[in-house]
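# Residue-level structural notes
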Amino acid sequence: MPATMEQDIVETPQLAAQWARIRGRLQQEFGEVEYRTWLRQMTLVGIDGDEITVHLPTRFLRDWVRSRYGDRINTLWHEENPAVRRVDIRFGQTTGPISGAPDGLAESLAPALAPPLPISRGRERSGEPRSELNAALDPRFTFDGFVVGKPNEFAYACARRVAEKPSSAGFNPLFLYGGVGLGKTHLMHAIAWELTTAREANGAYPVTVAYMSAEKFMYRFITALRSQSTLEFKEQHRSVDVLMVDDLQFLIGKDNTQEEFFHTFNALVDDGKQIVVSADKSPSDLSGLEDRLRTRLSCGMVADLHATTYELRISILEAKAQLAGVPVPDKVMEFLAHKITSNVRELEGALNRLLAQANLFGRPVTLETTQEVLHDILKAYERRVSIDEIQRKVAEHYNMRLTDMFSARRARNVARPRQVAMYLAKQLTSRSLPEIGRKFGNRDHTTVMHAVSRVNQLIEVDPAFAEDVELLRRMLEGAP
Ligand code: ADP
Ligand code: MG
């Protein structure tokens, strides 16, 4: 579309509100570092028919955002506004102001960051795409690029095993789970690379792999339903050798899609095909999953990716800095590994930003430049405590199982700590009551409200209890 036509595109207030919500979601899902670095500069141009146009100020940013976030942005738009079928992410100046461009990040960043290849080149690497079901694989997500440590060695070993010998007894399905940014997608891509490109390079017959997010699966299914082509959908999905579905938790509450997935799953397993699935929780903790699906998902290998340890964070930083070819002093790595503890994605985001800055201005990386460049992130970090962390610490403190934070059990020794955790979530995070409720096994916001007032009452009348809560609060706020 020529640039002059853009004036015809109208931006309604409703659209702006939808866009604001989508940005909020992106920020939440990808974390502060990543959002600030890549996504904040997106501006909405408008809607034209069923197509939304979004602008980014540089070609580099556009490619990066397209390849890494394109699918997700598409899905979020479609969820917000079912009329939207396509999101066009473009590069170019918009007439409106570009919101909050940070640190003059520009095209010149490219060399420091080794951005993922754009989708078409990703495919060239593996020859023709094996199947149109395949989402583009990130060329950095290989086994070689995965740093192994205590928290992820089991999941890594399972993934390796499946990549070597798909459909072995005991490893089918492979269910990978763990918190956000801990390497689930990385391992899944690594399996896919190994089964396609690597096999081919070794002269072995490549297998057909379909890798997709659960949302994509759902989106395809719904589209097939609409266009009455479900038979084709079924045939397509049941004809692959390996089916990988990432972030299965998105199917919760989507009963029809779950049902379809269940049938696809059975058809494939009965045929001796391999399934690999990831989710943010274990099958038994994924509430809202159909029981029969849960049972089938648990009957192969279930492997979790634990939160990173300090040692693993250091190893990852070392590996990534070496790959980028920029010398990073030990002190800086220690500093980062101490400060940025939530997940690998955030850690990587911070390091990338540091490396980009070093490349851009030719300044060596030092502790001072690190503090300067990452000033905003570090500050945000200091104040930020996650609900997951609150639940973990509180469960630990009261000696109860973490799963009871989400369970329906109402025994006092479980219910009270849960209330404390809800109270602290309200105090220490900016989450709303309904959001907090959802994080506690999908409880209602009134339950959270009740918990907050109950804890407040108890603090008034029970000094020992008050001290306990205060201790927990300080521990959480002071956590590195
Ligand atoms: P998840 O899917 O669990 O949310 P990802 O697989 O997308 O997480 O990982 C987030 C980022 O962190 C990716 O860039 C990935 O390459 C990187 N990463 C995660 N774990 C490791 C690891 N052990 N070694 C190297 N990189 C990692
Ligand atoms: Mg993922």
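Quick notes on the rules
- Residues numbered from 1 in each chain as written.
- Chains lettered and ligands numbered in written order.
- Predicted model: local features only at pLDDT ≥ 70, side-chain atom pairs only at ≥ 80, totals over all residues.
- Heavy atoms only, no water.
- Helix = DSSP H or I, 4+ residues; strand = E, 2+ residues; numbered from the N terminus.
- Buried < 20%, exposed > 50% of the residue type's maximum accessible area, 1.4 Å probe, protein only.
- Contact = heavy atoms within 4.5 Å.
- Areas by Shrake-Rupley, 256 points an atom, 1.4 Å probe, with all protein chains shown as cover.
- Phe/Tyr/Trp six-rings, centres within 6.5 Å; stacked < 30°, edge-to-face > 60°.
- Pairing = 2+ DSSP bridges.
- Axes fitted to C-alpha atoms, helices over the stretch in contact; angles between N-to-C directions.
- pLDDT = per-residue confidence, 0-100.
- Parallel < 35°, antiparallel > 145°, perpendicular 65-115°, else oblique.
- Left-handed = near helix turned anticlockwise from the far one by under 90°.
- Nonpolar A, V, L, I, M, F, W, Y, C, P; charged D, E, K, R; others polar.
- Near = heavy atom within 4 Å.
- Polar contact = N/O pair within 3.5 Å; in protein donor to acceptor, adjacent residues only side chain to side chain.
- Expected span 1.5 Å × (residues − 1).
- Bend = angle between axes of the 7 residues up to and from the residue.
- Core = buried A, V, L, I, M, F, W, Y, C linked by side-chain atoms within 4.5 Å.

## Some points on the overall build of the protein chain
Along the protein chain, the regular secondary structure elements total 20 helices and 8 strands. Taken across its 480 residues, the protein chain has 49% of its residues classed as buried. Contacts in the protein chain between residues far apart in sequence, at least 24 positions, make up 75% of those at least 6 positions apart. By element, 51% of the accessible surface of the protein chain is carried by carbon and sulfur atoms, the whole surface being about 22,500 Å².

## Considerations on the packing of aromatic side chains
Inspection of the entire model under this criterion finds 9 aromatic pairs. Their ring planes at 5 degrees and their centres at 5.8 Å tell us that F146 and Y156 sit as a pair that is stacked. Of the two residues, F146 sits in the loop between α4 (119–125) and α5 (153–164) while Y156 sits in helix α5, which places them 10 residues apart along the sequence. Considered together, F146 and Y156 belong to a single accessibility category, that of buried residues. Geometrically, the ring pair formed by F221 and F233 is tilted, given 5.4 Å between the ring centres and 50 degrees between the ring planes. Of this pair, F221 sits in helix α7 (residues 214–226) while F233 sits in helix α8 (residues 230–238), and the two are 12 residues apart along the sequence. Taken together, the ring pairs in this structure connect F217, F221, F233, F261 and F265 into an aromatic cluster.

## Description of the sheet that holds strand β6 (residues 242–246)
In a beta sheet, neighbouring strands are held together by backbone hydrogen bonds and run either parallel or antiparallel to one another. The parallel open sheet is built from 5 strands, whose spatial order is β5-β6-β7-β4-β8. Two strands bound the open sheet, and with one partner strand each, they are β5 (209–213) and β8 (301–305). Taken over all neighbouring pairs, the strand axes of this sheet differ in orientation by 15 degrees on average, direction set aside. Against the sheet, α7 engages β5 and β6, with an angle of about 95 degrees to β5.

## A look at the confidence of the model for the protein chain
Within the protein chain, residue pLDDT values average 84, and 87% of them lie at 70 or more. Note on residues 1–10: pLDDT under 50 across the span, and 15 contacts to partners over four residues away in sequence or across chains.

## A word on the packing of helix α2 (residues 59–80) against α7
Following both chains from N to C, one finds α2 and α7 inclined at 50 degrees, their axes separated by 11 Å at the closest point. Looking at the two axes, α2 sits oblique to α7. Both α2 and α7 take part in a crossing whose hand is left-handed. In this structure, α2 uses D71, R72, T75, H78 and E79 to contact α7, whose residues at the interface are E215, K216, Y219 and R226. Looking at side-chain class alone, the contact of α2 with α7 contains 1 nonpolar, 2 polar and 6 charged residues.

## What about the site of ligand 1?
Taken together, 18 residues lie around ligand 1, and V147, G181, T185, H186 and E348 are the ones closest in. One of the backbone N or O atoms of V147 is found 2.8 Å from a nitrogen atom in ligand 1. Residue K320 places a side-chain N or O atom 2.8 Å away from a nitrogen atom belonging to ligand 1. Within the complex, the protein chains bury 97% of what would otherwise be the 560 Å² of accessible surface of ligand 1.

## Details of α2
Given 3.6 residues per turn, any residue in an α-helix points the same way as the ones three and four places further on. With 22 residues, α2 extends just 27 Å between its outermost C-alpha atoms, more than 12% less than the 32 Å of an ideal straight helix rising 1.5 Å per residue. Where α2 bends most, the angle comes to about 70 degrees, and this point is Y69.

## Considerations on the nonpolar core
Core analysis: the biggest nonpolar cluster contains 29 residues, and F143, L174, L176, L187, I191, M244 and V276 have the highest contact counts within it. Among the secondary structure elements, those contributing two or more residues to this core are α5, β4 (174–178), α6 (184–201), β5, β6 and β8. In terms of residues, this core owes the most to one element, α6, which gives 7 residues. Not counting residues up to four positions away in its chain, the partners in contact with I191 are F143, A159, V162, A163, L174, M244 and V276.

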